[in-house]
Amino acid sequence: MTSLAGAQSLTKHFNGVVALADFSYTVAEKEILGLLGPNGAGKTTLFNVLTGLLAPDSGDAKFKGTALLCQPVHKIANMGIARTFQNLRLIRRITVLENVLLCFKNQPGENLLNVFFRPGLCRRHEAVIREKATELLLTAGLADKANDLADNLSYGQQKLLSLLCCLAADAELLLLDEPVAGIAPEMAERILAIIADLPNQGKSAIVIEHDIDALKGIAHRMIFMDAGRKICEGVPDEVLNDPRVIEAYLD
Amino acid sequence: MDYLAHIGVLIAVYSILAVSLNMVAGYTGFLSLTHAGFYGIGAYVGALMSLHLHTPLLITLAVAVSLSGILGVLLALPALRLRDDHFVITTFAFQIILVSFLTNWTSITGGPMGLAGVPHASLFGWNLSTQTDYLIVTAAVAAFAWGISSRIEKSPLGRVLKSIREDDRLAASAGKNVALFKILIFAVSACVASTAGVLYVHYITFVDPSNFTVMESIFIVSIVILGGAGSLWGPVLGAVVLVTLPELLRFVGIPSAAAANIRQILYGLALVACMLWRPQGLIGEYAFGRAEKQK
């Protein structure tokens with residue numbers, strides 16, 4: 001398996017609190033990597049570093065051979081990394097469909113000159129992505145909500161929508177921060193099915209999730225981290241039977 | 001009749017200003033207190049060019065628009081690194097600087113005395129002179145400005161601007177170059193605002209700094225918020241209401257000495273009432289300043 005992305009020795013401190021300590025990882029093409037760890041282990045910090053929202057104190061991160069660190073957030077996103085947020089971020093006062101449309105890349109209609117001087121081009125492209133977006137919503141079972149404000153969706157539906165936004169972005173690497181935490185089982189099933197299908201579309205994902213059973217079902221490999229450090233790594237059964245993991249989760 | 005046409009011209013001028021501010025404050029969600037400044041730049045460019053060079057209206061407009069656009073970018077570059085209140089303060093400062101410039105650069109701007117005797121505009125050999133002439137032209141420009149704002153709002157670009165208003169971090173995470181979009185819309189907005197100045201100065205044939213102070217900027221903000229920030233027709237409706245309301249006072253027989261003060265009180269009251277009970281304005285959907293900011 002060829003490596004898609006990875007990082008070496010990432011370190012990040014917040015006022016003396018260690019968020020990441022010498023953390024390294026790799027994720028292969030078409031691989032789903034589960035990220036486990038107690039609260040405050042540095043999982044979300046890792047996502048923030050990888051997407052450019054936070055600069056690490058030291059270390060190095062790469063995506064498809066290109067250095068990620070010190071790049072602006074939008075450039076990293078356009079390289080092919082999409083993410084969801086733990087505290088669920090959506091553009092709440094536009095419709096569900098518009099949220100999905102927003103996430104498509106390279107839209108000619110986002111260029112001011114095109115808007116005024118090449119309206120035909122913009123309209124054609126808009127029609128194409130509108131069709132793709134509708135299809136995404138249809139497969140995910142959100143089509144009947146397409147014209148509702150994103151704010152009016154249930155919590156589970158909002159989580160589903162934020163995952164669809166990553167699909168619309170056609171990113172090669174998805175960073176999913178607790179995609180099924182706190183939502184109804186059937187919605188969780190739907191979301192997990194979409195994630196499990198990502199490798200078939202040539203995509204990889206790193207998934208943070210506290211629901212071990214859910215994670216076990218989809219992850220090819222897992223990393224357990226605590227206090228910013230990687231404690232152990234391997235196939236799910238191996239990691240979940242590691243005494244240090246059992247201690248952290250069953251204590 | 002002339003009186004009605006005069007009111008019409010004022011409504012059109014303020015519609016242009018409000019529509020331009022709405023692109024920044026309504027669609028993109030950051031409040032600018034410097035729009036009277038761009039209005040002033042338009043007015044002074046219009047006055048100077050037609051006084052010294054006797055240029056036709058279209059050329060004056062082109063120069064004013066370009067100059068405002070450049071100044072808009074220059075202001076946006078440092079200011080847009082700041083958020084929320086800090087951004088407002090920066091635009092406020094720019095507004096103050098600009099007025100002191102106009103007041104003190106006496107050799108060019110005539111200082112506090114202003115520039116008098118600005119000739120009427122000429123458009124393809126048509127010399128505008130009556131109120132009705134100006135009503136036609138300003139209304140046409142206002143319609144054009146509204147068209148620009150509407151085209152932007154309905155485009156994918158408008159979608160990006162709204163996403164920046166709601167959550168700029170998320171917009172960046174979705175791959176949008178937030179800073180670039182902000183600079184762009186600020187420049188477009190400045191360009192549109194300056195056309196109002198050019199038209200106004202030809203119409204009034206006189207210009208002095210007192211028309212372009214921060215009070216004027218606040219008035220433009222009031223129009224946008226009262227009408228409905230973020231909505232297409234809100235700024236136009238706001239302009240109609242806030243321009244005609246004080247005119248109605250004339251007919252109630254209030255002495256003219258008191259009228260000016262009452263007008264200020266009225267604007268203030270309208271703004272406060274709006275923020276308290278109807279933050280989305282008369283016909284808006286977006287409650288200004290009540291964005292659920294997710295940090």
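Note that this is a predicted model, so its numbers are computed, not measured.

### So, the overall build of chain A
Part 1 of the reasoning: Looking only at helices and strands, one finds 10 helices and 10 strands in chain A.
Part 2 of the reasoning: Computed over the C-alpha atoms, the radius of gyration of chain A is 19 Å, within 12% of the 18 Å expected from 2.2 N^0.38 for a compact globule of 251 residues.
Part 3 of the reasoning: Projecting the C-alpha coordinates of chain A onto the three principal axes gives extents of approximately 60 × 40 × 35 Å.
Part 4 of the reasoning: Out of the 251 residues in chain A, the part that is buried amounts to 55%.
Part 5 of the reasoning: Partitioning the contacts of chain A with sequence separation of at least 6, the portion at a separation of at least 24 is 67%.
Part 6 of the reasoning: About 11000 Å² of surface is accessible on chain A, with carbon and sulfur atoms providing 51% of the total.
Part 7 of the reasoning: Looking at charge distribution, chain A has the averaged site of its 25 positive side-chain charges lying 9 Å from that of its 30 negative ones.

### What to know about helix 4 (residues 84-104) of chain B
Residues and elements named next belong to chain B.
Part 1 of the reasoning: The end-to-end C-alpha separation of helix 4 is 31 Å, in line with the 30 Å expected for 21 residues at 1.5 Å each.
Part 2 of the reasoning: Of all the positions in helix 4, only F87, V88, T91, F94, Q95, L98, V99 and L102 are classed as buried. Buried positions in helix 4, seen along its axis, are confined to an arc of 130° and lie on one side of it. Along helix 4, the residues that are exposed and aim more than 90 degrees away from the buried face are D85, H86, I89 and N104.
Part 3 of the reasoning: Its buried side turned inward, helix 4 meets helix 2 (35-53), helix 3 (57-79), helix 5 (106-109), helix 9 (178-204) and helix 10 (214-227).

### Here we look at a nonpolar patch on the surface
Residues and elements named next belong to chain B.
Part 1 of the reasoning: Among the surface-exposed residues, M1, Y3, L4, L245, L248 and F251 lie close enough to one another that they form a single nonpolar patch of about 690 Å² accessible area.
Part 2 of the reasoning: Elements represented by at least two residues in the nonpolar patch include exactly helix 1 (2-27) and helix 11 (234-251).
Part 3 of the reasoning: If one sorts the elements of the nonpolar patch by residue count, helix 11 sits on top with 3 residues.
Part 4 of the reasoning: Tracing the backbone shows L245 in helix 11.

### Quick word on the interface of chain B and chain A
Part 1 of the reasoning: With 30 residues of chain B at the interface, the matching set in chain A holds 31 residues.
Part 2 of the reasoning: When chain B packs against chain A, close to 2800 Å² is buried across both sides, 58% of that on carbon and sulfur atoms.
Part 3 of the reasoning: Where chain B meets chain A, there are 4 salt bridges.
Part 4 of the reasoning: Inspection of the region where chain B meets chain A yields 12 residue pairs in polar contact (both at pLDDT 80 or more).
Part 5 of the reasoning: Those elements that place two or more of their residues in the side of chain B that touches chain A are helix 6 (131-154), helix 7 (156-166), helix 8 (168-173) and helix 9 of chain B.

### Some words on the pattern of salt bridges
Part 1 of the reasoning: Under the criterion given, the structure shown has 16 salt bridges over all chains.
Part 2 of the reasoning: The salt bridge involving K62(A) is made with D60(A); its shortest N-O contact spans 3.5 Å.
Part 3 of the reasoning: You can call D60(A) partly exposed: its relative accessible area is 28%.
Part 4 of the reasoning: Of the charged contacts in the structure, one is a salt bridge between R165(B) and E166(B), with a shortest N-O distance of 3.1 Å. For the pair R165(B) and E166(B), a shared accessibility class is recorded, and that class is buried.
Part 5 of the reasoning: Via salt bridges that share partners, E31(A), R221(A), K230(A) and E233(A) belong to a single interconnected network.

### Brief notes about a positive patch on the surface
Part 1 of the reasoning: A grouping of R118(A), R123(A), R124(A) and R151(B) is seen on the molecular surface, where their side chains present a positively charged patch.
Part 2 of the reasoning: By the element assignment, R118(A) lies in the loop between helix 4 (112-117) and helix 5 (119-140).

### Notes on the side chain of D168(B)
Part 1 of the reasoning: In this fold, D168(B) is placed in helix 8.
Part 2 of the reasoning: Ignoring sequence-local partners within four residues, the contact set of D168(B) consists of R83(B), S163(B), V178(B) and K182(B).

### Here's the deal with the environment of V9(B)
Residues and elements named next belong to chain B.
Part 1 of the reasoning: Structurally, V9 can be placed in helix 1.
Part 2 of the reasoning: Residue classification places V9 among the buried residues on the basis of a relative accessible area of 1%.
Part 3 of the reasoning: Placed 89 residues apart in sequence, V9 and L98 show a C-alpha to C-alpha distance of 25 Å.
Part 4 of the reasoning: If sequence neighbours within four positions are ignored, V9 has contacts with Q131, Y134, L135, T138 and Y203.

Procedures and definitions
- Along each chain, residues carry numbers from 1 onward, in the same order as the chain's sequence is written.
- Working convention: letters from A go to chains and numbers from 1 go to ligands, in the order in which they are written.
- In keeping with the predicted nature of the model, local features appear solely for residues at pLDDT of at least 70, side-chain atom pairs appear and are counted solely at 80 or more, and the whole-chain, interface and lining totals rest on all residues.
- Heavy atoms throughout the structure, all of them, feed into the side-chain values; hydrogens and water do not.
- Only runs of H or I of at least four residues qualify as helices and only runs of E of at least two qualify as strands under DSSP, and these elements are numbered from the N terminus.
- Our radius of gyration looks at C-alpha atoms and nothing else; its globule reference is 2.2 Å times the residue count to the power 0.38.
- Note on classification: 1.4 Å probe, protein chains only; a residue is buried when its accessible area is under 20% of the maximum for its type, exposed when over 50%, partly exposed between these limits.
- The contact rule is simple, with two residues in contact once any of their heavy atoms fall within 4.5 Å.
- To measure how exposed things are, a 1.4 Å probe is used in the Shrake-Rupley method; for residues, cover is taken only from the protein chains shown.
- Positive charges come from Lys and Arg alone, negative charges from Asp and Glu alone, with His and the N- and C-terminal ends not counted.
- We put the charge of a Lys on NZ, of an Arg on CZ, of an Asp on CG and of a Glu on CD.
- Expected span, for any helix, means 1.5 Å times one less than how many residues it has.
- In this context, the arc is that of the directions from the helix axis out to the C-beta atoms.
- Patches were defined on residues exceeding 30% relative accessible area and lacking a salt bridge, with like-charge contacts within 9 Å and nonpolar side-chain contacts (Val, Leu, Ile, Met, Phe, Trp, Tyr) within 5 Å.
- For this document, the term salt bridge refers to a Lys or Arg side-chain nitrogen within 4 Å of an Asp or Glu carboxyl oxygen.
- Summed over both partners, the accessible surface that disappears when two parts come together, traced with a 1.4 Å probe, is what is meant by buried area.
- Between N or O atoms, a polar contact is any pair within 3.5 Å; within protein, one atom must be a potential hydrogen donor and the other a potential acceptor, and residues adjacent in sequence are included only when both atoms are from side chains.

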